[in-house]
Amino acid sequence: CLPANQERFADGRLATVQFHPSAQVVMTAGHDRSVSLFQVDGIRNPRIQSIYLESFPIYKACFSVDGEQVIATGTHHKMFFVYDMMSGSIIPVQKVRGVEERFLRSFELSPDGSFMLLTGTSGYLHLLSMKTKELISTMKVNGRCTASAFTPDSSKMYSYSKEGEVFVWDVRSRKCLHKFEDEGSLEGKCIAISKNNQYVACGSASGVVNLYTTDACLKEKHPKPVKAIMNLVTSATCVTFNPTTEILAVASRETDEAVKLV
């Protein structure tokens, strides 16, 4: 296959590559301050459009669940941008009332399209309404939160702390339902929940990815992993399941070609 973005390679590092939820479109975004959309046909992969965000190197960009918006956060900014693909307008969200953070970088969107979870500093997690982009509630974990994930039904959130603890939250009540320790974790880096809600994968700074059953995670304080995946030698910075929960991809951005499929 040809490079997906061959009609416009980025000038800086790509921070995000994501397929559109329903169309044959791929988005790239990164440090060159642009978001580009390409029609993926495997032959030419023509570029649909690029938008440029002035002095805003992108940390993360993500399609909304309905595929009508792109949310983009910057590397050193309090604000974030919403690009409305229907109207073609770029809406800056200058400040979220009640959120006092120097930078807003990491975020997750709930699978039902209702919520946006912003990871703050000092363990704070801010739950926003996807519709209004206003703050619903703030939660706090012990230590520093490094990664979060929603369950497929959007009823719970898992937050992984730098100290290797995972907190399970109820989305409706925003109460902490349970907390467990990721076995052998020196520093939590990434977390993923499979689409069928059967497994939870936790990746740490040592490069080890632990795979747990969801049942064990919700009941035990020290669950035993079903499998510990040792193949990465640098920090595991990305874990993700395929839609049918048959393959787990683990990757490290700290070295070239550090991608393993399990």
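Use the structure listed above.
Now for a look at the structure at hand. Everything numeric here is computed off the predicted structure, so don't read it as measured data. Counting of residues starts from 1 at the beginning of each chain's written sequence and follows it residue by residue. Per-residue local features of the predicted model are confined to residues with pLDDT of at least 70, and side-chain atom pairs are confined, for both listing and counting, to 80 or more; whole-chain, interface and lining totals are unaffected and use all residues. The side-chain quantities take in all heavy atoms of the structure and omit both hydrogens and water.

### Thoughts on the sheet that holds strand β16 (residues 176-181)
We apply this condition: Two strands qualify as a pair provided DSSP detects at least 2 bridges between them. Numbering of helices and strands starts at the N terminus; helices are DSSP runs of H or I of at least 4 residues and strands are runs of E of at least 2. Helix axes are fitted to C-alpha atoms over the stretch in contact, other axes to C-alpha atoms as well, and angles between N-to-C directions run from 0 to 180 degrees.
Strand order in the open sheet formed by four strands is β13-β14-β15-β16, and the pairing between neighbours is antiparallel. Each of the sheet's edge strands pairs with one partner strand only, and the pair in question is β13 (145-150) and β16. Within the sheet, the average angular offset between the axes of one strand and its neighbour, ignoring direction, is 20 degrees. In terms of strand pairing, strand β14 (residues 156-161) meets strand β15 (residues 165-170) through five bridges, oriented antiparallel. Within the sheet, the bridge partner assigned to Tyr-158 lies in β15 and is Val-168.

### A word on the sheet that holds strand β4 (residues 47-52)
Read across the open sheet, the four strands follow the order β1-β2-β3-β4; overall the sheet is antiparallel. Each having just a single partner strand, β1 (14-19) and β4 make up the two edges of the open sheet. Strand-to-strand, the axes of this sheet are offset by a mean angle of 15 degrees, without reference to chain direction. Two strands pair when backbone bridges link them, and strand β2 (residues 25-30) and strand β3 (residues 34-39) are joined in this way by five bridges, in the antiparallel orientation. Across the sheet, Met-27 pairs through a bridge with Leu-37, a residue of β3.

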